[in-house]
Amino acid sequence: MIRQARGKTPRRPALKKPPNNSNLKDPVGVYCRVRPLGSEDQECCIEVISETTIQLHPPEGSKVNRNGEFKETQYSFKNVFGQNISQLELFDNVAKPLVDDVIHCKNGLLFTYGVTGSGKTHTMTGSPGEGGLLPRSLDMIFNSIGPYQAKRYVFKPDDKNGMEIQTSVDALLERQKRESQTSAPKTPSRQRPDPEFADMINVEDTCKAEGVDEDSVYSVFVSYIEIYNNYIYDLLEEVPYDPIRPKWNGCGTPVRSTEFIPPQSKILREDQNHNMYVAGCTEVEVKSTVEAFEVFWKGQKKRRIANTQLNRESSRSHSVFIIKLAQAPLDADGDNVLQDKDQISVSQLCLVDLAGSERTSRTRAEGSRLREAGNINQSLMTLRTCMEVLRENQMYGTNKMVPYRDSKVTHLFKNYFDGEGKVRMIVCVNPKADDYEETMLVMRFAEMTQEVEVARPVDRPICGLTPGRRNRNQAFKEELTRKLEERGGPVNGDLENPSTIEILIQSLPPLPPCNLVDVNDDQTLPRLIECLEKRHRIRQMMIDELDKTAGSFKSMLQEFDGTLMAKDNFIQEQRGKLGDRDRIITGQKSEVDRLEKKVKTLEYKIDILQKTTNIYEVDKRSLQQELETKDQKLQRELSEKRRMEARMQGVVSNTKMKWEKECERRVAAKQMEMQNKLWVKDEKLKQLKAIVTESKSERPERPERSERPEKPERPSREKDMVKKRSVSPSPVPNAPPVQPRHRRSRSAGGERWVDHKPASNLELDTVMQPHVPNAIKVSVPNEKALSKCDKYMLTHQELASDGEIKTKLIKGEVFKTRGGGQSVQFTDIETLKQESPTSSTNRKRRSSGNAPVQQEETTESEWTDVETRCSVAVEMRAGSNLGPGYQHHGQPKRRKP
């Protein structure tokens, strides 16, 4: 079984957009309106400089620049309206062109933007006695299309953002049906307006659009919605109460009949022309300004407003009032509406009152008010983001997606920014100082919005029917009525003046009696002929006179016409000269305005420079005072330094004298120590000689190798030493005894050392090695290590004359310099030398204490040095256990613990 391929659903053709040409685009018109201050004693932060520029002054206590000056900024708009501007002037400059475009089948969008309490609702609605933009727009529309309105229900909405046409009979039946339905909402009354808004719509300065198509019929439909918490609600929807079927709230419980049931939220849809609309929105057909504003006031009472810290009647939602104008041409006869849906043109004007942006820190909103403020700020932020993306796409040629769907406000009006009509924005600002920071954000958004360009809407195609059909039909009806009246009886027209006709008839000779009673009467007819000829001559004379008068009058008219033409030419010439003068005056005015602006700018710069000069002078005086203070401090430090130098010189002299005395004392002590050493050496030499002589006298003959001689008893040397020392006199009897001192390395203290060992050093691994417990070992000295320590030790190795390695420990102290660095002053050098015990081959030692002493192996020629002989003798005595040995300098050996 072969299945047939399923055909794809044809894609709906996209709406053709105008080519992307800079000549076919218009920037978004941004206007600024400054609200009057609430009280005169309030601080003002906005100044109107010209018709297009305002300047913001930061209030006292706000942030300043680096140089201490206030940051004053200027912003330019298409037009700036001051505090004394009237609603009529604002309407003529902003809303009137949009209303004129709506009448000529073009869409328009006008919205007010600003901080809460800046006068947006007043600008849109107005106040008693002075209507705002909305009532004036309605008044202009009805004044323009008043005689050309269609009967009610001729146009009927199709619930898909379009219109349908009904015949006169169907419209009559629809009217009768609506009037008979008592449950349906009735059309607002046209009898007497509500006194709450009666003064708003009675506008004295009415206006009317020009170039209205007289061969078309019009109908006006209005709808009113609000966007609350990003949900769309219909303010004109009436929910009838059903007593049988109860209503249910969000908690799932039925509500009482007295409770208010909020309307159901609406959704946005897209029509066949890719335009967005609110599905299921109530559209009311109105026939007058009073009726339309009554519908608006009815929905205005349902709008959500609340009392906040900043505004007593703060709008908590965005309101959109839509004026939809349906237009259809008349048929070829000019009597009835053309029954063709494709010939219907629907244009709309959206008047949007955006809710004011606010900070919760100022309004102190809580609960539902806090949620409302968050949704309002989020929707306004989405509007700013869309404007920024549109501006970036147009300026840099990018194709980023504009986030229209992030908010219901931007999603509803996306078609206007894509080229479906003109867009105008009125920025309302409050000049009080408390709103300065919020006003700065509003100004930045307005400045960025002016750079967005919107495609110019395409003109509606011209209908192929003959123009002037309505007037011809009206003239035909009037002529037909006149003919019918003539058939019914004579009509006294005003074409001629009866008194003039009577005068002309009376000027002619009267006719003689024309009664013929006899056949032979020859007098009546000649008299009649003569009278008629006379009347003919008079008539001919009158005709000639009339022709002459007409010729003279014609020549006079031609002369007057020539004079008039000359005067017209002269007037045109004078108008041309006047136009040149006007252009010169306009150029001079623009030059004067430019020079005035330049003068104001220069005055502003002069003020800034003067303030800067004053600040510099204050800084100069403070620096001079600081310099004088530092000079005085420097002089005091110099005098203190001189006194310190004099004091230090005295201390140095005293220390020098002390050291000289100490050196003399140490020299004397050293001399006494050397004398004691010489005395000890002499005593050792004497004892050695005594031992040698004693051993020679008591040595027996050499026995056999097999016989071991008995070990001689060791004489008591202590007694001999005591005796000999007691007998020999002291070389220096008055010198104090020198206490032997064991030399320790200076690195064993509690100070912190820098142990500098270069990488080229060799590890000797000998017994005598310096031990530095608190040390930072480095191979290259650095400032960080020196800053943490008090002592410094450098390990240096070199070869001695005998080929052995000699190590020097160069030690010093670390001082901090005035510049923040460190310096090292060397104070001590310790030398470590490694020697091999096998280097002296001429010296022979005893192998053990029991081995025999070989006297003949050691000759007296080998004892050349007294000190060497003493040391060898001591070692021999120590090795043979003949008695206690002595260390160098005659000090007893220190036992190990």
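Cut-offs applied
Residues numbered from 1 in each chain as written. Predicted model: local features only at pLDDT ≥ 70, side-chain atom pairs only at ≥ 80, totals over all residues. Heavy atoms only, no water. Helix = DSSP H or I, 4+ residues; strand = E, 2+ residues; numbered from the N terminus. Buried < 20%, exposed > 50% of the residue type's maximum accessible area, 1.4 Å probe, protein only. Contact = heavy atoms within 4.5 Å. Areas by Shrake-Rupley, 256 points an atom, 1.4 Å probe, with all protein chains shown as cover. Core = buried A, V, L, I, M, F, W, Y, C linked by side-chain atoms within 4.5 Å. Phe/Tyr/Trp six-rings, centres within 6.5 Å; stacked < 30°, edge-to-face > 60°. Axes fitted to C-alpha atoms, helices over the stretch in contact; angles between N-to-C directions. Left-handed = near helix turned anticlockwise from the far one by under 90°. Salt bridge = Lys/Arg side-chain N within 4 Å of Asp/Glu carboxyl O. Patch = residues over 30% accessible without salt bridge, like charges linked within 9 Å, V, L, I, M, F, W, Y side chains within 5 Å. Pairing = 2+ DSSP bridges. Parallel < 35°, antiparallel > 145°, perpendicular 65-115°, else oblique. Nonpolar A, V, L, I, M, F, W, Y, C, P; charged D, E, K, R; others polar. Expected span 1.5 Å × (residues − 1).

Q: Sorry if this is basic, but what is going on with the overall build of the chain here?
A: Looking only at helices and strands, one finds 17 helices and 27 strands in the chain. Out of the 897 residues in the chain, the part that is buried amounts to 31%. Counting contacts in the chain only where the partners sit at least 6 residues apart, residues at least 24 apart contribute 71% of the total. If you sum the accessible surface of the chain, you get close to 61500 Å²; carbon and sulfur atoms cover 51% of it.

Q: Is there a simple way to explain the environment of alanine 292 in this structure?
A: By the secondary structure assignment, alanine 292 is in helix H6 (residues 289–300). Sequence spacing of alanine 292 and valine 222 is 70 residues, and the spatial spacing of their C-alpha atoms is 7.1 Å. Setting aside anything within four residues of it in sequence, one finds alanine 292 in contact with Leu138, Phe142, Val286 and Phe321.

Q: Looking at this structure, how should I read unusual backbone geometry?
A: A negative phi holds for most residues other than glycine; trans holds for most peptide bonds. In this structure, asparagine 230 takes a positive phi of about 65° despite not being glycine. Structurally, asparagine 230 can be placed in the loop between strand S12 (216–228) and strand S13 (231–234). Asparagine 230 sits in the partly exposed class, given a relative accessible area of 31%. The phi angle at histidine 274 is positive, at roughly 65°, despite the residue not being glycine. Here histidine 274 lies in the loop between strand S14 (268–270) and strand S15 (276–278).

Q: Is there a simple way to explain the nonpolar core in this structure?
A: Nonpolar side chains in soluble globular proteins generally cluster together in the buried interior. In this structure, Ile54, Phe77, Phe413, Val427 and Met443 are the most contacted members of the largest nonpolar core, which totals 55 residues. Counting 44 residues, the second-largest nonpolar core is a separate cluster that includes Met124, Tyr218, Val222 and Val286.

Q: Explain the packing of aromatic side chains here, please?
A: Each aromatic ring pair is described using two quantities: the centre-to-centre distance and the angle formed by the ring planes. Enumeration over the complete set of coordinates arrives at nine aromatic pairs. On the basis of an interplanar angle of 25° and a centroid distance of 6.2 Å, the ring pair of tyrosine 31 and phenylalanine 81 is categorised as stacked. Note that tyrosine 31 is positioned in strand S2 (residues 29–34) and phenylalanine 81 in strand S6 (residues 79–81), a separation of 50 residues in sequence. With a centroid separation of 5.2 Å and 50° between ring planes, the pair formed by phenylalanine 293 and phenylalanine 296 is classed as tilted. Of this pair, phenylalanine 293 and phenylalanine 296 both sit in helix H6, three residues apart, which is roughly one turn of the helix. For the residue pair phenylalanine 293 and phenylalanine 296, the accessibility class agrees, reading buried in each case. By the ring-pair criterion, three or more aromatic residues cluster together here, those being Tyr224, Phe293, Phe296, Trp297 and Phe321.

Q: Quick question: what am I supposed to make of the packing of helix H3 (residues 133–145) against H6 here?
A: When two helices pack together, their arrangement is given by the angle between the helix axes and by the axis-to-axis distance. At a minimum axis separation of 9 Å, H3 and H6 run at an interaxial angle of 145°. Between H3 and H6 lies a crossing whose hand is right-handed. Packed against H3, whose contacting residues are Leu134, Pro135, Leu138, Asp139 and Phe142, the element H6 presents Thr289, Ala292, Phe293 and Phe296 at the interface.

Q: Even after reading the chapter, I still don't get the pattern of salt bridges, so can you show me in this structure?
A: Side chains that carry opposite charge are capable of pairing whenever their charged atoms lie near each other. In total, this model carries 26 salt bridges according to the counting rule given. Here arginine 303 and aspartate 353 are joined by a salt bridge, their closest N and O atoms 3.1 Å apart. Taken together, the residues span a long stretch of sequence, with arginine 303 in the loop between H6 and strand S17 (305–306) and aspartate 353 in strand S20 (residues 345–353) at a distance of 50 residues. Between glutamate 451 and arginine 391 there is a salt bridge whose closest N-O contact spans 2.2 Å. Taken together, the residues span a long stretch of sequence, with glutamate 451 in the loop between helix H11 (436–449) and strand S22 (453–455) and arginine 391 in helix H8 (residues 368–396) at a distance of 60 residues. Beyond isolated ion pairs, a larger network of salt bridges with shared partners links Glu662, Arg665 and Arg666.

Q: Is there a simple way to explain a nonpolar patch on the surface in this structure?
A: Taken together, the side chains of Phe553, Met556, Leu557 and Phe560 present a nonpolar region at the surface, about 410 Å² in accessible area. Judged by relative accessible area, which is 42%, leucine 557 ranks as partly exposed.

Q: Just to check I follow, could you spell out the pairing of strand S7 (residues 107–114) for this structure?
A: Counting buried positions along S7 yields eight of eight residues, so the element is predominantly enclosed. Of the two faces of S7, the one holding Asn107, Leu109, Phe111 and Tyr113 and the one holding Gly108, Leu110, Thr112 and Gly114 are both buried throughout. Note that S7 and strand S21 (residues 421–429) share eight bridges and pair parallel. Paired with tyrosine 113 across the two strands is valine 427, which belongs to S21.

Q: Could you clarify how one ought to interpret the sheet that holds strand S24 (residues 775–778) in this entry?
A: Taken in spatial order, the five strands line up as S24-S23-S25-S26-S27 in an open sheet, and their pairing is mixed. Pairing within the sheet leaves two strands with one partner each, and these edge strands are S24 and strand S27 (822–833). Neighbouring strand axes in the sheet, compared pairwise and without regard to direction, differ in orientation by 25° on average. Across nine bridges, the pairing between strand S25 (residues 791–799) and strand S26 (residues 805–816) is antiparallel.

Q: Teacher, can you tell me more about the packing of helix H1 (residues 87–103) against H3 here?
A: Contact geometry of H1 with H3 gives a least axis separation of 9 Å together with a crossing angle of 45°. Classified by the angle their axes make, H1 and H3 are oblique. For the element pair H1 and H3, the recorded crossing hand is right-handed. Residue-level inspection shows Gln87, Leu88, Leu90, Phe91, Ala95, Lys96, Val99, Asp100 and Ile103 of H1 in contact with H3, the latter providing Leu133, Arg136, Ser137, Met140, Ile141 and Ser144. Taken together, the residues that form the contact of H1 with H3 break down as nine nonpolar, three polar and three charged.

Q: When you look at H6 in this model, what are you seeing that I'm missing?
A: Owing to its 3.6 residues per turn, the α-helix brings residues three or four apart onto one side. For H6, spanning twelve residues, the distance from its first C-alpha to its last is 16 Å, which sits close to the expected 16 Å at 1.5 Å a residue. With nine of its twelve residues buried, H6 lies for the most part within the structure. Those residues of H6 that sit buried are Thr289, Glu291, Ala292, Phe293, Val295, Phe296, Trp297, Gly299 and Gln300.

These figures come from the coordinates and say nothing about function on their own.
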